[in-house]
Amino acid sequence: MNEVRTRYAPSPTGRMHVGNLRTALYAYLISKHEGGSFILRIEDTDQERYVEGAVEIIYRTLQGTGLIHDEGPDKDGGYGPYVQSERQASGIYLEYAKKLVEKGAAYYCFCSKDRLDSIKNVLATPSEDEDSEVKEFTKYDKHCLHLSKAEVEEKLAAGVPYVIRQNIPTEGTTTFHDVIFGDIAVDNEELDDMILIKSDGYPTYNFANVVDDHLMKITHVVRGNEYLSSTPKYTRLYQAFGWEEPVYIHCPLITNEEHKKLSKRSGHSSYEDLLEQGFVSEAIVNFVALLGWSPSDNREIMSLDELVEAFDYKHINKAPAVFDMVKLRWMNSEYLKKMDDEKFYQMALPYIKEVIKKDLNTRRIAELIKTRIETFLDIKDLIDFFEDLPDYDIAMFSHKKMKTDAASSLTVLTELLPRFEALNDYSEAGIEEVMMSYIKEKGIKNGQGLWPVRTAVSGKQSTPGGAYEIMSILGKEESLNRIRIAIDKLSQ
RNA sequence: GGCUCCAUGGUCAAGCGGUUAAGACACCGCCCUUUCACGGCGGUAACAGGGGUUCGAAUCCCCUUGGAGUCACCA
């Protein structure tokens, strides 16, 4: 068997959508599982949609996710160029399109926009629903197919704008095979004579894709399920050229909570958006890998290497998968918990510093929040009390389980305050010693003694860390000040 | 609307003719615990419906229903 070659062929139109990310990931996994090559090809045949900087985003995303390509614009593997606009400059697409014209599998078309509009079919759409849009479709009527060779030459010579269309028979069926979906047959009658070369001379995605996949010796075409319905047209192209078709792997769609295909419009769903939402790259990749596939041993937390090892494209699901942000959050928390302390500290620090302006022990704070957050964005609300004591109600001091109320808390705080004031070793251990000896002396429950203190110094009922940790981090002056404030409040 | 595809708990997802129908997230409860969290234990919850085929159907076939995708000089 030949080397497995897969490609990721994005068009540079913005951030990388998670659906595309998964497609890229699967393409990567399929080739790497077999020790093959993963190729990056930039499909920039639509100059109008081209977004400045989008290519850099693609590189950054591939780099960040670890999907390292073996060939691409920046890594020549002998099949370049890897950017379609550069390829088109050499005229290869037009050249191949002309071959098809010679074979009768394609033809020149000179129809104007107006004429095309005139053959548009409008579907009777129930307009009762406000949000129902008018749907229409055009099936080209092969008007220009019947132009004689002389007529074509004449128009070309006169400089009449043209496109080149694929000539699809009106009878018979076209069948292709997909690894996941099996054999799919479509009546040729259903297939439109799609445009291969646009009037600006650029190839359409459909055509460039087929030509390039063949020229770059791509063995497995991995793409989204939305291409399933246009695949028969590609099959006809391969057949017309006499080329061997690649193995097709159409991935199931990733949908939103409404079970609709994720789109750029749904916002929050690109790789970079997720990073901004406080997720780590490894978790995103891991999560996305499991949308539509699962390993035979049921593992869920898997590194990229483990995915490469275990991936088997024959077990990809058919049904679309909902992108569940809640589960992603869980998975992210798993990665955070497993992360070594130093790395976690470095990653969390910017988020901590956003809230903590004072000179506090941020390293200790990071340790305390590590198992309590799902994304880095959770940090803010968790630690803001360190910076400023929130305005709280004395009802905070009442807790049934801890057997505390305002009165008991006042007593505890008042009795404890002088002991803290006398304490020189204001470390967690030092503070703990003071409190434990107090609790033992008074014969009260731990909670009864500790709860009021933590509440006093944090203004909250629940915090990362307990009384010792918070007091030690805040320092003697600030924490005792907060206890005095609490005593004040409770005395009124 | 045509065409194509899909259908196991709320979500992801095992299963590929014989199982008490896994597991994970979420949710609920209990334990641990100075709070919360982490961790541990347990629980609620599914084969869309109807016909076949078969000794036997979540698994195979058909129909219905539901959902999705697609129908551009966008990819």
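Residues numbered from 1 in each chain as written. Chains lettered and ligands numbered in written order. Predicted model: local features only at pLDDT ≥ 70, side-chain atom pairs only at ≥ 80, totals over all residues. Heavy atoms only, no water.

Engineer: With reference to specific residues and values, describe the packing of aromatic side chains.
Structural biologist: This structure, assessed with the given rule, holds 19 aromatic pairs. Centroid distance Tyr107 to Tyr140: 6.5 Å. Interplanar angle 25°. Geometry classified as stacked. Taken together, the positions of Tyr107 in strand β3 (residues 106-109) and Tyr140 in the loop between β5 (136-137) and α6 (149-157) put the pair 33 residues apart, joining distant regions of the chain. Here Tyr107 and Tyr140 have matching classes, each one buried. Here the aromatic rings of Phe207 and Phe241 are separated by 6.4 Å at their centres, their planes lie at 25°, and the arrangement is stacked. Within this pair, whereas Phe207 is found in helix α7 (residues 205-215), its partner Phe241 is found in helix α8 (residues 231-241), the two being separated by 34 residues in sequence. Given the relative accessible area of 10%, Phe241 is considered buried. Among the aromatic residues, ring-to-ring pairing joins Tyr96, Phe207, Tyr238, Phe241 and Trp243 into one connected group. The cationic tip of Lys155 hangs over the ring face of Phe110; the distance from NZ or CZ to the ring centre is 5.7 Å. A cation over an aromatic ring shows up here: Lys338 above the ring of Tyr335, its NZ or CZ 5.5 Å from the ring centre. (Phe/Tyr/Trp six-rings, centres within 6.5 Å; stacked < 30°, edge-to-face > 60°. Helix = DSSP H or I, 4+ residues; strand = E, 2+ residues; numbered from the N terminus. Buried < 20%, exposed > 50% of the residue type's maximum accessible area, 1.4 Å probe, protein only. Lys NZ or Arg CZ within 6 Å of the ring centre and 35° of its normal.)

Engineer: Can you explain the protein's contact with RNA strand B? Please cite residues and give values.
Structural biologist: Around RNA strand B, the structure places 61 residues, and the nearest of them are Lys198, Lys260, Lys261, Glu300 and Arg372. Restricting the count to atoms of RNA strand B within 4 Å of the protein gives a sugar and phosphate share of 68%. Ser229 places a side-chain nitrogen or oxygen 3.2 Å from a sugar or linking oxygen of RNA strand B. Residue assignment for the surface near RNA strand B shows that the elements contributing at least two residues are β8 (182-187), α7, β13 (321-322), α12 (325-338), α18 (446-458) and α19 (467-474). When its residues are assigned to classes, the surface near RNA strand B shows 24 nonpolar, 19 polar and 18 charged. (Near = heavy atom within 4 Å. Polar contact = N/O pair within 3.5 Å; in protein donor to acceptor, adjacent residues only side chain to side chain. Nonpolar A, V, L, I, M, F, W, Y, C, P; charged D, E, K, R; others polar.)

Engineer: Please provide a residue-by-residue account of the environment of Gln166, values included.
Structural biologist: As for its placement among the helices and strands, Gln166 is situated in strand β6 (residues 163-166). Under the relative-accessibility criterion, Gln166 is labelled buried at 2%. The spacing of Gln166 and Arg223 is 57 residues in sequence and 22 Å in space, taken between C-alpha atoms. When residues no more than four places from it in sequence are discounted, the contact partners of Gln166 are Ala105, Ala106, Tyr107, Asp193, Met194, Leu196, Lys233, Arg236 and Leu237. At 3.0 Å, the side chain of Gln166 and the backbone oxygen of Lys233 are in polar contact. (Contact = heavy atoms within 4.5 Å.)

Engineer: Would you mind going over the environment of Lys370 in detail, with residue names and values included?
Structural biologist: Residue position: Lys370 is located in the loop between α14 (362-369) and α15 (379-387). Considering only alpha carbons, one finds Lys370 and Ser333, 37 residues apart in sequence, at a separation of 8.7 Å. Once you skip the residues sitting within four places of it in the chain, Lys370 turns out to touch Leu336, Lys337, Met339, Asp340, Asp341 and Phe344. Within the structure, Lys370 has its side chain in polar contact with the backbone oxygen of Met339 (distance 2.4 Å).

Engineer: Outline the pairing of β8, supporting the account with residue identities and numerical values.
Structural biologist: With 6 bridges joining them, strand β7 (residues 173-178) and β8 adopt antiparallel strand pairing. Bridged to Asp178 within β8 is Gly182. Where β7 folds back on β8, the antiparallel hairpin that results is connected by 3 residues. (Pairing = 2+ DSSP bridges.)

Engineer: Describe the sheet that holds β6, and please don't skip the residues or the numbers.
Structural biologist: The antiparallel open sheet is built from 3 strands, whose spatial order is β3-β6-β9. Lying at the two open borders of the sheet, with one neighbouring strand each, are β3 and β9 (195-197). Taken over all neighbouring pairs, the strand axes of this sheet differ in orientation by 40° on average, direction set aside. As paired elements, β3 and β6 share 4 bridges and run antiparallel to each other. Its bridge partner lying in β6, Cys109 is registered against Val163. (Axes fitted to C-alpha atoms, helices over the stretch in contact; angles between N-to-C directions.)

Engineer: Lay out the side chain of Glu43 in plain terms, naming residues and giving numbers.
Structural biologist: Mapped onto the elements, Glu43 comes out in the loop between β2 (37-40) and α2 (54-65). Overall, the relative accessible area of 5% leaves Glu43 in the buried class. Side chain to side chain, Glu43 and Gln84 meet in a polar contact 3.1 Å long. Those residues within four positions of Glu43 in sequence are excluded, and the remaining contacts are Ala9, Pro10, Ser11, Pro12, Gln84, Tyr205 and Asn209.

Engineer: Got a sec to walk through unusual backbone geometry? Specific residues and values, please.
Structural biologist: A cis amide bond links Gly80 to the next residue, Pro81, at an omega of -5°. Turning to its location among the elements, Pro81 is positioned in the loop between α2 and α3 (84-89). Although it is not a glycine, Lys142 sits at a positive phi angle of roughly 60°. Mapping Lys142 onto the fold places it in the loop between β5 and α6. Given the relative accessible area of 12%, Lys142 is considered buried. Even without being a glycine, Lys403 presents a positive backbone phi close to 60°. Tracing the backbone through its elements, the reader meets Lys403 in the loop between α15 and α16 (406-421). Take Lys403: its relative accessible area is 53%, and that puts it in the exposed class.

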